[in-house]
Amino acid sequence: MKKILKKSLVGFAVGVTILMMTYISVYFIADETTFDAEINQLHNITTLITQIVAIGITYYLVFVSFQFGLILREESKAEKCVFITLLTVSVLAIIINYVLLNKHIYSENIGTLNVVALVVIYVIGGIYAMIINAKENKCIKKINQKLKEKS
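Note that the coordinates shown come from a computational prediction; the quantities given were computed from them, not determined experimentally.

A. Local environment of the overall build of the protein. When you go through the protein residue by residue, the secondary structure sums to six helices and zero strands. Secondary structure elements in the protein, listed N-terminal to C-terminal, are α-α-α-α-α-α. Against the compact-globule benchmark of 15 Å for 151 residues, the protein has a radius of gyration of 20 Å, which places it well outside the compact range. Here the C-alpha coordinates of the protein stretch approximately 70 × 30 × 20 Å along the principal axes. A burial count over the protein gives 29% of its 151 residues as buried. Long-range contacts, defined here as pairs at least 24 residues apart, represent 70% of the contacts in the protein between residues at least 6 apart. As displayed, the protein offers around 10200 Å² of accessible surface, 69% of which is attributable to carbon and sulfur atoms. Side chains of the protein carry 15 positive and 10 negative charges; the gap between the two charge centres is 20 Å.

B. Highlighting the nonpolar core. Ranked by size, the top nonpolar core spans 22 residues in total, and within it Tyr-59, Leu-100 and Tyr-106 carry the most contacts. At the level of secondary structure, the elements contributing two or more residues to this core comprise helix H2 (10-29), helix H4 (45-75), helix H5 (78-100) and helix H6 (108-150). Once residues within four sequence positions are removed from consideration, Leu-100 is found in contact with Ile-55, Thr-58, Tyr-106, Gly-111, Asn-114, Val-115 and Leu-118.

C. Local environment of the environment of Ile-84. Structurally, the position occupied by Ile-84 is in helix H5. Overall, Ile-84 belongs to the partly exposed group, its relative accessible area being 21%. Here the alpha-carbon distance between Ile-84 and Gln-145, two residues 61 residues apart in the chain, equals 32 Å. Residues contacting Ile-84, with those up to four places away along its chain left out, are Phe-68 and Leu-72.

D. Structural detail: a nonpolar patch on the surface. Together, Phe-12, Ile-45, Ile-49, Val-53 and Ile-57 line one region of the surface with nonpolar side chains, adding up to about 430 Å² of accessible area. If one sorts the elements of the nonpolar patch by residue count, H4 sits on top with four residues. Following the sequence through the fold, Val-53 ends up in helix H4.

E. Up close: a positive patch on the surface. Positive charge collects at one region of the surface, where Lys-138, Lys-142, Lys-146 and Lys-150 lie side by side. As for its position among the elements, Lys-138 is in helix H6. The exposure class of Lys-138 is exposed, given its relative accessible area of 53%.

F. Layout of the packing of H2 against helix H3 (residues 32-41). At a minimum axis distance of 7 Å, the contact between H2 and H3 shows a crossing angle of 155°. One finds that H2 runs roughly antiparallel with respect to H3. Classified by chirality, the crossing of H3 by H2 is right-handed. Across the interface between the two elements, Tyr-23, Ile-24, Val-26 and Tyr-27 from H2 touch Glu-32, Thr-34, Phe-35, Glu-38 and Ile-39 from H3. Broken down by class, the residue content of the contact of H2 with H3 amounts to six nonpolar, one polar and two charged.

G. Expanded view of the packing of H2 against H6. At their nearest, the axes of H2 and H6 sit 9 Å apart, and the two run at 120° to each other. The interaxial crossing formed by H2 with H6 has right-handed handedness. Across from Ile-18, Leu-19, Thr-22, Tyr-23, Ser-25, Val-26 and Ile-29 in H2, the residues of H6 making contact are Ile-110, Leu-113, Asn-114, Ala-117 and Ile-121. A class-by-class count of the residues in the contact of H2 with H6 yields nine nonpolar, three polar and no charged.

H. Main features of the confidence of the model for the protein. When pLDDT is averaged across the protein, the result is 82; 91% of the residues are at 70 or more. For the protein, the element scoring lowest by mean pLDDT is H5, at 70; H2 scores highest, at 90.

Here is what the cut-offs are and how they apply
- Residues numbered from 1 in each chain as written.
- Predicted model: local features only at pLDDT ≥ 70, side-chain atom pairs only at ≥ 80, totals over all residues.
- Heavy atoms only, no water.
- Helix = DSSP H or I, 4+ residues; strand = E, 2+ residues; numbered from the N terminus.
- Rg over C-alpha atoms; globule rule 2.2 N^0.38 Å.
- Buried < 20%, exposed > 50% of the residue type's maximum accessible area, 1.4 Å probe, protein only.
- Contact = heavy atoms within 4.5 Å.
- Areas by Shrake-Rupley, 256 points an atom, 1.4 Å probe, with all protein chains shown as cover.
- Lys, Arg positive; Asp, Glu negative; His and termini not counted.
- Charge placed at Lys NZ, Arg CZ, Asp CG, Glu CD.
- Core = buried A, V, L, I, M, F, W, Y, C linked by side-chain atoms within 4.5 Å.
- Patch = residues over 30% accessible without salt bridge, like charges linked within 9 Å, V, L, I, M, F, W, Y side chains within 5 Å.
- Salt bridge = Lys/Arg side-chain N within 4 Å of Asp/Glu carboxyl O.
- Axes fitted to C-alpha atoms, helices over the stretch in contact; angles between N-to-C directions.
- Parallel < 35°, antiparallel > 145°, perpendicular 65-115°, else oblique.
- Left-handed = near helix turned anticlockwise from the far one by under 90°.
- Nonpolar A, V, L, I, M, F, W, Y, C, P; charged D, E, K, R; others polar.
- pLDDT = per-residue confidence, 0-100.

Here's what the structure looks like:
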């Protein structure tokens, strides 16, 4: 468990980076007036700290769920792994959506972009897991083939 928590610390930095990218993307998606209004909110130090801490903890939890899923995948049966991972991700998604869409922390624009970024991160994580799984399956098939040839 300690290993999972340590490896997931990178999620805090990733979350803060994504928050800054969402602010930048407001400029390109909306207009300069909306961008200025969003950036002006950050002049309040309480707002800035709250947003950084909230997004950092959110992505920390995302990375915990990724690490948890990877460990379960390695150590248990596939059905159990899928069930527990889906349950964990579902519970975390509810908590994370509440934080990201909380009007007291983020504006509507930033909250929406944060949710979009989170979905993209989960999709990338899922694709990464599928690629690793496909590589491992290919490697296992090669090993089994060589074992059959030796027999």
